[in-house]
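Chain and residue survey
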Amino acid sequence: VRASPGAIELEGALVISVFDGYLQATGLRVLEPFGVASHLSADIEARHIDLAQLTETFSFGSMSGFVDADLRGLELARWQPVAFDARIASSAGQYPRRISQRAVQNISALGGAGAVAALQRGLLGLFESFGYREVGLRCALRDGVCMMDGIEGARRADGGFPIVRGGGVPALDVIGYNRRVDWDELVDRLQRVIAENVSPELR
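Residues numbered from 1 in each chain as written. Predicted model: local features only at pLDDT ≥ 70, side-chain atom pairs only at ≥ 80, totals over all residues. Heavy atoms only, no water.

1. Notes on the overall build of the chain
Just so we agree on the cut-off: Secondary structure counts use DSSP, requiring at least four H or I residues in a row for a helix and at least two E residues in a row for a strand, with both numbered from the N terminus. Buried means the residue's accessible area, taken with a 1.4 Å probe over protein chains only, is under 20% of the maximum for its type, while exposed means over 50%, and partly exposed covers the values in between. Any two residues having at least one pair of non-hydrogen atoms within 4.5 Å are treated as being in contact. For accessible areas, the Shrake-Rupley method is used with a probe of radius 1.4 Å. Any residue's cover is judged against the shown protein chains and nothing else.
For the chain, the count of helices and strands is 3 helices and 15 strands. Taking all 203 residues of the chain together, the buried fraction comes to 41%. For the chain, the proportion of contacts with a sequence separation of at least 24, taken over those separated by at least 6, is 59%. Of the accessible surface of the chain, which amounts to about 11,000 Å², a share of 55% is contributed by carbon and sulfur atoms.

2. Quick notes on the nonpolar core
To keep it simple, the criterion reads: Side-chain atoms within 4.5 Å link the members of a nonpolar core, which is a set of buried Ala, Val, Leu, Ile, Met, Phe, Trp, Tyr and Cys residues.
By size, the foremost hydrophobic cluster in this structure holds 32 residues, and its most contacted members are Met63, Ile99, Ile107 and Val164. Going through the elements one at a time, strand 5 (39-50), strand 7 (66-77), helix 2 (101-110), strand 11 (129-142), strand 12 (145-149), strand 13 (161-166) and strand 14 (172-176) are the ones with two or more residues in this core. Not counting residues within four places of it along the chain, the set of residues in contact with Ile99 comprises Ser62, Met63, Val104, Ile107, Glu128, Ser129, Phe130, Tyr132, Val164 and Leu172.

3. Some details on the state of the cysteines
Disulfide: a covalent bond connecting the sulfur atoms of a pair of cysteines. As a reminder of what qualifies: Note that a disulfide, as used here, is simply two cysteine sulfur atoms within 2.5 Å.
Evaluation of the coordinates by the stated rule reveals 1 disulfide. Disulfide partner of Cys139: Cys146, at an S-S distance of 1.5 Å. Residue Cys139 is classed as buried on the basis of its relative accessible area, which comes to 11%.

4. Digging into the pattern of salt bridges
How we decide: We count a salt bridge whenever a side-chain nitrogen from Lys or Arg sits within 4 Å of a carboxyl oxygen from Asp or Glu.
Counted by the stated rule, this structure contains 11 salt bridges. A salt bridge links Glu11 to Arg2; its shortest N-O distance comes to 2.5 Å. For Arg2, a relative accessible area of 48% gives the class partly exposed. Ionic pairing is found between Asp70 and Arg87, a salt bridge with its closest N-O pair at 2.7 Å. Of this pair, Asp70 sits in strand 7 while Arg87 is found in strand 8 (residues 80-90), placing the two residues 17 residues apart along the sequence.

Laid out in structure tokens, this is it:
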């Protein structure tokens, strides 16, 4: 760690074991850490994060499986995010993959206005959890707007972007349609959906 008046820099990597995986921060630099114009920059990657532990800890609903995540070009001004390129994707390998109704509604909220959960066939209200093949979500934050995308390489003719791709019985897809989402609105929507426990839209 290198400290100078008005700046703290980390040389090398800070690695933390979390949720049976790890989180690594590199390029960590903080300007004016105790001032009114504090600014932090870093690149962060997470690998093989256990979704069951993660979703249980944050009351997100329940999911089983593992994800990798990258947060490139992270910039915080006054400890609030102002820019980053984020990617979340299923980890490679074979493992159980299930998602609950509650987790579906919260992931749908992340997809922006108009995101829906498209289910394989009727009467699936009888099921409390669903199988999936993979999850993927991307957000590029610039000027208070998050440019959203889903599973890498997945494209739909209607312009939607798959966030959850179904697998097994019953299968489930979560599809986002709004690619430009106000960051403050996105955070507020997720907090509101979790607090109110609103049911997802099924079709």
